[in-house]
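Architecture and fold: a report
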Amino acid sequence: MSNPFFKNHGPLKISEIIKSLNINVAEAYKDKEIYDIKDLTSSEHNDITFFHSKKYKDVAKRTKASFCLTTNNLKYELPKNCFALVVENVLVSTSKITSLFYPDAINDGFDKTAKDISDTEFNIKVNFGQNVLIGDNVSIGENCKIGHNTIIEKNVTIGDNCSLGSNNIVRNTLIKNNVRILDNCVIGKHGFGFFPIKNNNLRYPHIGVVLIEDNCEIGCGTTIDRGSMSNTIIGKNTYLDNQIHVAHNVKIGENTIIAGQVGIAGSSIIGNNVKIGGQAGISGHLKIGNNVEIGGGSGVIKDVPDNTKVMGYPAKNIKEFLRNNK
Amino acid sequence: MSNPFFKNHGPLKISEIIKSLNINVAEAYKDKEIYDIKDLTSSEHNDITFFHSKKYKDVAKRTKASFCLTTNNLKYELPKNCFALVVENVLVSTSKITSLFYPDAINDGFDKTAKDISDTEFNIKVNFGQNVLIGDNVSIGENCKIGHNTIIEKNVTIGDNCSLGSNNIVRNTLIKNNVRILDNCVIGKHGFGFFPIKNNNLRYPHIGVVLIEDNCEIGCGTTIDRGSMSNTIIGKNTYLDNQIHVAHNVKIGENTIIAGQVGIAGSSIIGNNVKIGGQAGISGHLKIGNNVEIGGGSGVIKDVPDNTKVMGYPAKNIKEFLRNNK
Amino acid sequence: MSNPFFKNHGPLKISEIIKSLNINVAEAYKDKEIYDIKDLTSSEHNDITFFHSKKYKDVAKRTKASFCLTTNNLKYELPKNCFALVVENVLVSTSKITSLFYPDAINDGFDKTAKDISDTEFNIKVNFGQNVLIGDNVSIGENCKIGHNTIIEKNVTIGDNCSLGSNNIVRNTLIKNNVRILDNCVIGKHGFGFFPIKNNNLRYPHIGVVLIEDNCEIGCGTTIDRGSMSNTIIGKNTYLDNQIHVAHNVKIGENTIIAGQVGIAGSSIIGNNVKIGGQAGISGHLKIGNNVEIGGGSGVIKDVPDNTKVMGYPAKNIKEFLRNNK
């Protein structure tokens, strides 16, 4: 997993791990130590993984993981090196196990480690306003400005020549060089991802980060959630206007321009040189190609190929939209 | 009225009350004391009420109020115990009289009583960040966290095991147990309710509160306005994502999930186990049933019955929406 | 230009000005001093102007400017008093020259001049909360309130009887009398205007202000950007609800009511007595007439004449919208 910030509490004994799942493993395995939880492809020997849908059958056959949360039907697809742990709900179980390895990534309380910047090493190096707070494990490059009341919580890396305005909250975020973040933004909080359970939903950990590449600008009141298993990425020289919401795991390309009040739902991928008009919404898990233009107010509910202009709700070819609405 | 927070400045003499309305009552009544202003149904003896539309004729006939703001046409419907005060505009007059009883509920200036939490009784009990302010008449349960720069203004009750993030502003709000409010939210401000009057609109008091039940989560940058005559309610285990707006008097049920940038206009009622996709909007005074799913980007302008999936603008049955938009 | 706040760094020698454009002028002109950059109409003798499209031919013929950035094709339209400076991209060149005259209007870093209000002349006059900051060149009238953590950055004028809530950030803004700004707003930041250039977009200066007229109310979490070459204006007794975005150069009339989460794109003009429903979006450079009603959720992509009701996306006559969507 790609997170440089969240402490992995492993190795954990498999006996500890399965305690929360109400299942058993053979006595011989019980003291075996597991180092991490990863997806089927990136798991190594001594990791645990999960396999919940037939469509991952081919990668499941080749996983290097030592254990795998799965179902009775799917377990026959796993290779010999991988011991199947059959559970009722694979994703809920995965969430529980991830929480054991990364307990700090579930709920985002405020950062108690944050203290006044005047009392930190950044006192001289950074040009800062009143009441700026800095948490643990923060690094800030040369020639940076941080405005009044802004809180750089723990686990933030800021490059050179960056300007953060006032009233921002940033955590679990990598900011490259020459980035401008205006005011009132919240960047790096966990996403809106959880399992709906009656009376008490189950949150799963978000162990990804937000990565903001060189020369980006982020407008006022914008929220960018960190990824759950992968990162949320804003590509080079991409500009976001005010009051935009970028959900967890979204990846936005380079030189892209996004106008005010746009919302991008979880895990969607936006290409390079894309222009998105104000208030447009993009559903989750979509792929928007390069050089795409999306008209203001559009609701995009399916993939958009490269070099296309779309508009409408649901968004369709812009010529068709305009012809239908003369 | 349901508000535990706003001080009722009554009893007021009826002569004082009618001064602002340019009307008269018989000399004999002038010193009569009025204790409160309520709707037709909940008024008691010695209260004043209001009656502005024929559709309330049946409840008007049975009101226990001693006085009633009404029109020349409607006054004949009132019972003998209730003295009619005929005015030109019943709702504007009602607003003026409510303002006499509840002058503190009209305009929300900042809370001057708020002081640093270190100087309050919560200094030890609460786990708090830098620059946290607490107003008068606040109570906070066991095991709560309050983040940096958050302002708990006057008239707030918080239960046990609650976590408030940073930069929030809360007032006139009841928060039950195990509630998480992330960052940058404004909760409990008066709603967008006023009488449009040329050059100088007339605001009426908002004497309701916001009630957030157990196990809720409220995302970053969300605004929840308090009710005008009733309360704004978020039911148990309901999760709101970032940048959502919940207007005054809205009631949301239990186990409901609302994605980013959704807006719910005043006085609408949302059922239990409802799922609302990102950027959807719900008009005012609607009733959305239980187990409803509303697609992202939808504009809902009429009631939605239980167990229905809708999408589109205006929202219709989702199958129809998808069929029409192949 | 209408900005009372940004310092004009002129006069500048024409030789300095053209250095950044890679062009030449006759030796005789090189020491000539230029006082300001303005549009074709408002330029005076010794100003520089710009002319980039045939549709401005008629005003170009009468400009009083001494120099004009233009193209090889258009230069013949200029009068004898005006010396043509032929450049590849007129608007980019205009941006560069404007930046020379107004270097402080390009990027909005936090205001380093802001200090605690207790240490300013407003200590006694203003009713203020905790941690209020005031920048240089601020004036505040009688009987004003400023809430906790609010930052009045440099270049703000506030009239009498105004109430600002908590966590606001205001700069480059003129606020008249009896204005209420609730919480978490950002007012007066530069707009989302720049030239897209691969790897490094070019921001142009925003030298307009935000002007908020008497008796307005601005809801929580609203952003109002200042103008680029003209001002952003909110007319008398106009009320904005929560989470609204008003882009640069927008002009809104009097007695207008705008519900939550509405977005108005750059340079659009909204009339008097207009009502806009929640989440409606208005494209840029449009003209919405007086007494217009725009239904909630609408997407307005063309001008709307006076006394019209529209709804839909794209917005059309409301009767037609309702008939098509029975």
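Residues numbered from 1 in each chain as written. Chains lettered and ligands numbered in written order. Predicted model: local features only at pLDDT ≥ 70, side-chain atom pairs only at ≥ 80, totals over all residues. Heavy atoms only, no water.

1. Section: the pattern of salt bridges
Under the definition given, this model contains 36 salt bridges over all chains. Across the pair A:Glu217 and A:Arg180 runs a salt bridge, and its minimum N-O distance is 2.7 Å. Pair noted here: A:Glu217 is in strand S21 (residues 217–218) and A:Arg180 is in strand S16 (residues 180–181), with a separation of 37 residues, a long-range link. As far as the burial class goes, A:Glu217 and A:Arg180 line up, both buried. Of the charged contacts, one joins C:Glu153 and C:Arg171 as a salt bridge, the two residues approaching to 2.3 Å between their closest N and O atoms. Linking C:Glu153 in the loop between strand S12 (151–152) and strand S13 (156–158) with C:Arg171 in the loop between strand S15 (169–170) and strand S16 (173–175), this pair joins segments that are 18 residues apart in sequence. Overall, C:Arg171 belongs to the buried group, its relative accessible area being 6%. Each of A:Asp108, A:Glu153, A:Arg171 and A:Arg226 takes part in one network of salt bridges that share partners. (Salt bridge = Lys/Arg side-chain N within 4 Å of Asp/Glu carboxyl O. Helix = DSSP H or I, 4+ residues; strand = E, 2+ residues; numbered from the N terminus. Buried < 20%, exposed > 50% of the residue type's maximum accessible area, 1.4 Å probe, protein only.)

2. As for a positive patch on the surface
A grouping of A:Lys275, A:Lys309, A:Lys319, A:Arg323 and A:Lys326 is seen on the molecular surface, where their side chains present a positively charged patch. Checked against the element boundaries, A:Lys319 lands in helix H5 (residues 318–324). (Patch = residues over 30% accessible without salt bridge, like charges linked within 9 Å, V, L, I, M, F, W, Y side chains within 5 Å. Areas by Shrake-Rupley, 256 points an atom, 1.4 Å probe, with all protein chains shown as cover. Lys, Arg positive; Asp, Glu negative; His and termini not counted. Charge placed at Lys NZ, Arg CZ, Asp CG, Glu CD.)

3. Looking at empty space enclosed by the protein
Summed over all chains, the structure comprises 5 cavities of 30 Å³ or more. Considered as a void within the structure, the largest cavity measures approximately 210 Å³ in volume. The wall of the largest cavity is formed by 20 residues, among which A:Gly221, B:Asn184, B:Gly221, C:Asn184 and C:Gly221 lie closest to the centre. Considering only residue class, the lining of the largest cavity consists of 6 nonpolar, 14 polar and no charged. (1 Å grid on protein atoms, 1.4 Å probe; cavity = no way out; pocket = protein on both sides within 12 Å on 5 of 7 lines; lining within 4 Å. Points joined across faces, edges and corners; volume = space filled by probe spheres on them. Nonpolar A, V, L, I, M, F, W, Y, C, P; charged D, E, K, R; others polar.)

4. Some remarks on helix H3 (residues 90–101) of chain C
All names here are of chain C. Between its first and last C-alpha atoms H3 spans 17 Å; for 12 residues at 1.5 Å apiece the expected length is 16 Å, and the two agree. H3 sits mainly inside the fold: 9 of its 12 residues count as buried. Looking only at H3, the buried set comprises Val90, Val92, Ser93, Thr94, Ser95, Ile97, Thr98, Ser99 and Phe101. At the N-terminal boundary of H3, the capping side chain belongs to asparagine 89, with an oxygen 3.1 Å from the backbone nitrogen of leucine 91. (Expected span 1.5 Å × (residues − 1). Polar contact = N/O pair within 3.5 Å; in protein donor to acceptor, adjacent residues only side chain to side chain.)

5. Digging into the interface of chain B and chain A
Listed per partner, the contact involves 43 residues of chain B and 43 residues of chain A. Summed over both partners, the interface of chain B with chain A comes to about 3100 Å²; 52% of that surface belongs to carbon and sulfur atoms. At the boundary of chain B and chain A, one finds 2 salt bridges. A salt bridge links A:Arg203 to B:Glu217; its shortest N-O distance comes to 2.7 Å. Scanning the region where chain B abuts chain A turns up 26 residue pairs in polar contact (both at pLDDT 80 or more). Elements represented by at least two residues in the side of chain B that touches chain A include exactly strand S8 (127–128), strand S11 (145–146), strand S14 (163–164), strand S25 (239–240), strand S28 (257–258) and strand S36 (309–312) of chain B. When the residues that make up the side of chain B that touches chain A are grouped by side-chain class, the tally is 13 nonpolar, 25 polar and 5 charged. (Contact = heavy atoms within 4.5 Å. Buried area = accessible area lost by both parts, 1.4 Å probe.)

6. Thoughts on the relation of the copies chain C and chain A
Superposition of chain C onto chain A requires a rotation of 120° combined with a translation of 0.0 Å along the rotation axis, giving an RMSD of 0.1 Å. What we have between these two chains is a three-fold relation. Both copies present different contact surfaces, since only 19% of the interface residues of chain C are interface residues in chain A too. (Least-squares fit on C-alpha atoms with pLDDT ≥ 70 in both.)

7. Observations regarding the relation of the copies chain B and chain A
Superposition record for chain B on chain A: RMSD 0.1 Å, screw rotation 120°, translation along axis 0.0 Å. Counting the interface residues of chain B, we find that no more than 19% of their copies in chain A are interface residues as well, pointing to two distinct contact surfaces.

8. Considering the interface of chain C and chain A
Contact residues are listed per partner, giving 43 residues for chain C and 42 residues for chain A. It is C:Phe110, C:Phe192 and C:Tyr313 that lose the most area in chain C upon contact with chain A, and together they represent 25% of the buried surface on that side. Taken together, the links from chain C to chain A amount to 2 salt bridges. Salt-bridge contacts for A:Asp183 lead to C:Lys189; the nearest nitrogen and oxygen are separated by 2.1 Å. Across the side of chain C that touches chain A, the residue classes tally to 16 nonpolar, 19 polar and 8 charged.

9. Section: the packing of aromatic side chains
Per the stated rule, a full pass over the model turns up 21 aromatic pairs over all chains. Taking the centre distance of 4.5 Å and the plane angle of 50° together, the rings of A:Tyr239 and C:Phe194 count as tilted. Pair noted here: A:Tyr239 is in strand S24 (residues 239–240) and C:Phe194 is in strand S19 (residues 194–195), and the two residues belong to different chains. Across the pair, exposure class does not vary: A:Tyr239 and C:Phe194 are buried alike. Ring-pair connections join several aromatic residues into one group, and the members of that group are A:Tyr29, A:Phe67 and A:Phe83. Looking at A:Lys112, its charged tip hangs above the ring of B:Phe128, at a distance of 5.7 Å from the centre. (Phe/Tyr/Trp six-rings, centres within 6.5 Å; stacked < 30°, edge-to-face > 60°. Lys NZ or Arg CZ within 6 Å of the ring centre and 35° of its normal.)

10. Describing the sheet that holds strand S17 (residues 186–187) of chain A
Residues and elements named next belong to chain A. Strands sit in the order S6-S8-S11-S14-S17-S22-S25-S28-S31-S34 across an open sheet of 10 strands; the sheet is mixed. Every other strand in the sheet has two partners, leaving strand S6 (115–116) and strand S34 (299–300) as the edge strands with one partner each. Pairing of strand S28 (residues 263–264) with strand S31 (residues 281–282) involves 2 bridges; the strand directions are parallel. By the bridge assignment, glycine 263 is partnered in S31 with glycine 281. (Pairing = 2+ DSSP bridges.)

11. Points about the environment of A:Leu74
Residue and element names in this part refer to chain A. Residue position: leucine 74 is located in the loop between strand S4 (67–70) and strand S5 (83–86). By relative accessible area, leucine 74 is classed as buried at 7%. Counting along the chain gives 10 residues from leucine 74 to alanine 84, while the straight-line C-alpha distance between them is 9.1 Å. When near neighbours in sequence (up to four residues on either side) are disregarded, leucine 74 contacts Phe51, His52, Ser53 and Lys54.

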